[in-house]
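Each chain, written out:
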Amino acid sequence: SIMGKKTYSFPHSLGKEEALKRAKPMAENLARKYMMKTVETADGFHMTGKGAEATVVVTDNALEITMELSLLIEKLAGSQIDSELNYKVPKALA
């Protein structure tokens, strides 16, 4: 299946450690909701599910999420995921 790739970037001024700490419950929450497995990496998380994959990378001043969604998931849940990330991530990093 063809995957559509999307990248989100959220600036923050928390430093890497703190941003990672705050991103963790949010990532786990999303993983549960979309039935994805989460693996912690040195800089964040890698999440995989059926027709969806996400990589979260945290730096000292930004949190970046790269999503790859199958066309079906993109159609069904793309805009929902979009608004959820744009709402939840800045809140977690505020």
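Just so it is clear, the model here is predicted, and its values are computed rather than measured. (Residues numbered from 1 in each chain as written. Predicted model: local features only at pLDDT ≥ 70, side-chain atom pairs only at ≥ 80, totals over all residues. Heavy atoms only, no water.)

**Digging into the overall build of the protein chain**
Then comes step 1: Helices and strands together make up the secondary structure of the protein chain, namely two helices and five strands.
Then comes step 2: In the protein chain, the succession of α and β elements from N to C terminus is β-α-β-β-β-β-α.
Then comes step 3: Here the protein chain holds 94 residues, and the buried ones make up 34% of them.
Then comes step 4: When contacts within the protein chain are restricted to residue pairs at least 6 apart in sequence, long-range pairs at least 24 apart make up 54% of them.
Then comes step 5: Only carbon and sulfur atoms are counted for the fraction: they give 56% of the accessible area of the protein chain, which is about 5700 Å².
Then comes step 6: Taking the average place of the 13 positive charges on the side chains of the protein chain and the average place of its 12 negative ones, the gap between the two points comes to 7 Å. (Helix = DSSP H or I, 4+ residues; strand = E, 2+ residues; numbered from the N terminus. Buried < 20%, exposed > 50% of the residue type's maximum accessible area, 1.4 Å probe, protein only. Contact = heavy atoms within 4.5 Å. Areas by Shrake-Rupley, 256 points an atom, 1.4 Å probe, with all protein chains shown as cover. Lys, Arg positive; Asp, Glu negative; His and termini not counted. Charge placed at Lys NZ, Arg CZ, Asp CG, Glu CD.)

**Let's talk about helix H2 (residues 71-93)**
Each turn of an α-helix holds 3.6 residues, which means side chains three or four residues apart point in the same direction.
Then comes step 1: At Ala-77, H2 shows its largest kink, close to 65 degrees.
Then comes step 2: Every buried residue of H2 is listed here: Ala-77, Gly-78, Ile-81, Glu-84, Leu-85, Val-89, Ala-92 and Leu-93.
Then comes step 3: Buried residues in H2 make contact with strand S1 (3-11), helix H1 (16-33) and strand S5 (62-70). (Bend = angle between axes of the 7 residues up to and from the residue.)

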